[in-house]
Each structure stands twice: as C-alpha cells, then as structure tokens.
Amino acid sequence: MVKNPIKVYGRVKPVLNKNQAEEYEIHDTADDFQTLNFNLKPHGFFNAKPESLSFRFQKVFNTSNQEEVFSIVAKPVVDSVLQGYNGTIFAYGQTGSGKTYSMTGGLSRYEDRGVIPRTIQHIFKHFLEAGLTHSTFISYLEIYNECGYDLLNPNHKVSKLDDLP
C-alpha cells in the first residue's frame, strides 16, 4: 500500500542579473496546485510569435530557502521511510538548473545544506531519540546520457545503469 502519491515540485533558480526581468509567473489553482508559466520571447526569422509554456506542480519554489524545501518536499518522504515505507526523492532538470544545490547544498553556510545532509541529520536524530541502533546504507548516483556515475566512488568510473550497485 502506498503511503503517499507521487508529488512533483518545481524550483526556479534565481536570476543572477538583477536587470533581467523574470520570464515566468506562478499562479495558484483552485485544487491547491500551482502552475508555472514561462513567457518565451520570439527569436529567429521563422519563430516570430511569442510563446507561453505552462507546467503544473504541487508547489513551485522561487524564493524559498533550503529549510523550506526540505520541510515541504523531503521531510514527509523521510518520515514515511522511518515508518517502513519506501521513498524516493529525485531531482531532474537541465545542466546548470540547480539540482546539485537543491540536493547537496552550498558549501559556505550551514543554512545552505541541501536535502541530502538534512535527511541524514533527520534520520540520525530519529534514531537517537528512539534509542535505536540501525545500519544505514547510502547510494549517491548521477544518471547522465544513459550512463550511471556512483558519486561516492572516488574514481568516478562510468557504468551502465545495470552494473551500478
């Protein structure tokens, strides 16, 4: 039996150039979802009309900090895992979109820790409070161009997905 259905969240990377107008809008829907609308500018000779793309998410994070992302996205999954259910948190997006920052966090400030270190801290805090002793195993994979990378293996050898542990 599934504890919770699959949920999909969006996170918009902040614009680095403050003079650049944001090219998106976030709207709440009547059924407690949010839509992320991208307003694409026309480019090229053959594509002269503006285009808009719309995507629907449980929530869109655009000015949220790492703690809010963890609390809303990951903590319910981790709590379900601690109750015996399977759970997965999966980051997907184009290169440079902020997946690594969301998952591992920034290096300069403790508050910038991402989903993974916050999850590990939450799990070990639960074990400590419950007086439990457990074995914990962690896999950290990157899938890129249908090749798998074990990011905990120091030689970062490329493997077929079927060959990864």
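Residues numbered from 1 in each chain as written. Predicted model: local features only at pLDDT ≥ 70, side-chain atom pairs only at ≥ 80, totals over all residues. Heavy atoms only, no water.

**A few points about the sheet that holds strand 4 (residues 51-57)**
Two strands in a sheet stick together by hydrogen bonds in their backbones, pointing the same way (parallel) or opposite ways (antiparallel).
Stage number 1. Within the open sheet, the three strands sit side by side as 2-3-4. Their pairing is antiparallel. Looking at which strands have only one partner, the edges of the open sheet turn out to be strand 2 (24-28) and strand 4. Within this sheet the neighbouring strands show an average axis-to-axis angle of 20°, counted without direction. (Pairing = 2+ DSSP bridges. Helix = DSSP H or I, 4+ residues; strand = E, 2+ residues; numbered from the N terminus. Axes fitted to C-alpha atoms, helices over the stretch in contact; angles between N-to-C directions.)

**Some points on the side chain of H122**
Stage number 1. Topologically, H122 is positioned in helix 3 (residues 115-130).
Stage number 2. Among the polar contacts made by the side chain of H122, one reaches the side chain of D79 at a distance of 2.7 Å. (Polar contact = N/O pair within 3.5 Å; in protein donor to acceptor, adjacent residues only side chain to side chain.)

**A closer look at the UniProt feature "binding site: ATP" (unreviewed entry) in the protein chain**
Stage number 1. Per the UniProt record, "binding site: ATP" (unreviewed entry) is found at G93, Q94, T95, G96, S97, G98, K99 and T100.
Stage number 2. With respect to the secondary-structure elements, K99 resides in helix 2 (residues 99-104).
Stage number 3. Exposure remark for K99: the relative accessible area of 25% places this residue in the partly exposed category.
Stage number 4. In contact with K99, other than residues within four places in its own chain, are A91, Y92, G93 and Q94.
Stage number 5. Among the polar contacts listed, one links the side chain of K99 to the backbone oxygen of Q94, at a separation of 2.9 Å.
Stage number 6. By relative accessible area, which is 57% here, T100 ends up exposed. (UniProt positions renumbered as here; feature names shortened; annotations may be inferred. Buried < 20%, exposed > 50% of the residue type's maximum accessible area, 1.4 Å probe, protein only. Contact = heavy atoms within 4.5 Å.)

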